[in-house]
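A closer look at the structure
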Amino acid sequence: MIGSTQRNQSSQTPGPTAEESTGQGRRSDATRRAILAAARERFASDGYERATIRAIARDARIDPSMVMRYFGSKEGLFAAAVTLDLRLPDLGQVPRDEAGRAMVGHFLDLWEANEELTAVLRVGVTNQAGAERMQDIFREQLLPVARQVCPDPEQVPARAALCAAQLLGLALTRYVLRLPPARALTREELVAWLGPTVQRYLTAPNP
């Protein structure tokens, strides 16, 4: 009888009310926003390598374990926090036969000036959240630019992917792996070498 009574009492224990669940959800969203805000400021001031989970948690006034609970790792947090506007050139305003050189020159200027971009690439090749962030950038920023000059709309994704392979390959060897021969090339040399290749990917007839 006692066991039956306990089971009946247990089965009648109420769960969280809708109001309580809503309150928990709001606190969760607020915590997430606080972490992201602190992470953006810390990554911007310290850079990716020097920023620590402990420092970000301190800025957000929470325990470091909460950062890991929400984002899993420093890489995951960075991928969620960073917002990159590549400010790609309007190829509609560039002579058609200069599109490749314009893209290469623009990306070189970005890589030289933006440490976050190098960090995103590094995270993207080692972390799923980083890879998804890179995919978002490709889809939302590179595809529309490629669409401006590609001769066949159906080939835009493939041609944009080839451009990305060329430009990200350069970034990987020059800024992440820092291969000495890649580092030694001047901006003018890189534009002269890669510009015609990117141009072919963007505008050449389908092989």
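Further up the page is the structure itself.
Presented here is an overview of the structure given in this document.

Rules used in this analysis
- Residues numbered from 1 in each chain as written.
- Predicted model: local features only at pLDDT ≥ 70, side-chain atom pairs only at ≥ 80, totals over all residues.
- Heavy atoms only, no water.
- Helix = DSSP H or I, 4+ residues; strand = E, 2+ residues; numbered from the N terminus.
- Expected span 1.5 Å × (residues − 1).
- Bend = angle between axes of the 7 residues up to and from the residue.
- Buried < 20%, exposed > 50% of the residue type's maximum accessible area, 1.4 Å probe, protein only.
- Axes fitted to C-alpha atoms, helices over the stretch in contact; angles between N-to-C directions.
- Parallel < 35°, antiparallel > 145°, perpendicular 65-115°, else oblique.
- Left-handed = near helix turned anticlockwise from the far one by under 90°.
- Contact = heavy atoms within 4.5 Å.
- Nonpolar A, V, L, I, M, F, W, Y, C, P; charged D, E, K, R; others polar.
- Salt bridge = Lys/Arg side-chain N within 4 Å of Asp/Glu carboxyl O.

With 17 residues, helix α11 (residues 187-203) extends 23 Å between its outermost C-alpha atoms, agreeing within 8% with the 24 Å of an ideal straight helix rising 1.5 Å per residue. Helix geometry: α11 is bent most strongly at Leu 194, by close to 35°, with proline Pro 196 lying one to four residues after it. Listing the buried residues of α11 in full gives Leu 190, Val 191, Leu 194, Gly 195, Val 198, Gln 199, Tyr 201, Leu 202 and Thr 203.

Each pair of packed helices gets described by two things: the angle between the helix axes and the distance between those axes. At a minimum axis separation of 7 Å, helix α9 (residues 156-176) and α11 run at an interaxial angle of 160°. When the interaxial angle is binned, α9 and α11 end up roughly antiparallel. Considering how the two elements wind past one another, α9 and α11 form a crossing that is right-handed. Contacts from Arg 159, Leu 162, Cys 163, Gln 166, Leu 170 and Arg 174 in α9 reach Leu 190, Leu 194, Thr 197, Val 198, Arg 200, Tyr 201, Leu 202 and Thr 203 in α11. Here the contact of α9 with α11 is built from residues that sort into 8 nonpolar, 3 polar and 3 charged.

Under the counting rule described, the total for this entry stands at 7 salt bridges. Note that Asp 136 is salt-bridged to Arg 139, the shortest N-O span being 2.5 Å. Taken together, the positions of Asp 136 and Arg 139, both in helix α8 (residues 128-147) and 3 residues apart, correspond to about one turn of that helix. With a relative accessible area of 25%, Asp 136 lands in the partly exposed category. Relative accessible area serves as the criterion here: at 44%, Arg 139 is assigned to the partly exposed category. One salt-bridge network, held together by shared partners, links Arg 42, Asp 46 and Asp 59.

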